[in-house]
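Take a look at the letters that make up each chain.
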Amino acid sequence: MGETEGKKDEADYKRLQTFPLVRHSDMPEEMRVETMELCVTACEKFSNNNEVLPSVAPRVLGDPC
């Protein structure tokens, strides 16, 4: 029974982490939505290698780093 509850807790945790949360942003609405979609797509695409994620947004958005 404990193993079943552990799997359920893990599934609930993963479900909670499947949407972006913006606490504060001074971006225009259109840019904010586009950036959130970019981040979600990058997280899904590179789910096994999170070290790639910080370099994806600047490349796609055109911000030189």
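Residues numbered from 1 in each chain as written. Predicted model: local features only at pLDDT ≥ 70, side-chain atom pairs only at ≥ 80, totals over all residues. Heavy atoms only, no water.

The protein goes by Dynein light chain in an unreviewed UniProt entry, where it is assigned to Bos mutus grunniens.

Mind showing me how you'd approach the environment of Leu21 here?
Checked against the element boundaries, Leu21 lands in the loop between α1 (2-16) and α2 (29-45). Note: C-alpha distance between Leu21 and Met36 (15 residues apart in sequence) is 8.6 Å. (Helix = DSSP H or I, 4+ residues; strand = E, 2+ residues; numbered from the N terminus.)

Would you mind going over the packing of α2 against helix α3 (residues 53-61) with me for this structure?
When two helices pack together, their arrangement is given by the angle between their axes and by how far apart the axes lie. For the pair α2 and α3, interaxial distance at closest approach is 10 Å and the crossing angle is 135°. Classified by the angle their axes make, α2 and α3 are oblique. Crossing of α2 against α3: the hand is right-handed. Residues Glu34, Thr35, Leu38, Ala42 and Cys43 of α2 pack against Leu53, Val56, Ala57, Val60 and Leu61 of α3. (Axes fitted to C-alpha atoms, helices over the stretch in contact; angles between N-to-C directions. Parallel < 35°, antiparallel > 145°, perpendicular 65-115°, else oblique. Left-handed = near helix turned anticlockwise from the far one by under 90°. Contact = heavy atoms within 4.5 Å.)

Help me understand the environment of Ser25 in this model?
Here Ser25 shows up in the loop between α1 and α2. By relative accessible area, Ser25 is classed as partly exposed at 29%. From its side chain, Ser25 meets the backbone nitrogen of Met27 in a polar contact 3.1 Å long. (Buried < 20%, exposed > 50% of the residue type's maximum accessible area, 1.4 Å probe, protein only. Polar contact = N/O pair within 3.5 Å; in protein donor to acceptor, adjacent residues only side chain to side chain.)

Hey, could you run me through the pattern of salt bridges in this one?
Pairs can form between side chains of opposite charge once their charged atoms are near each other. For the structure shown, the criterion picks out one salt bridge. Note that Glu29 and Arg32 form a salt bridge whose closest N and O atoms lie 2.5 Å from each other. Here Arg32 and Glu29 lie together in helix α2, a separation of three residues that amounts to about one turn. Given a relative accessible area of 21%, Arg32 falls into the partly exposed group. (Salt bridge = Lys/Arg side-chain N within 4 Å of Asp/Glu carboxyl O.)

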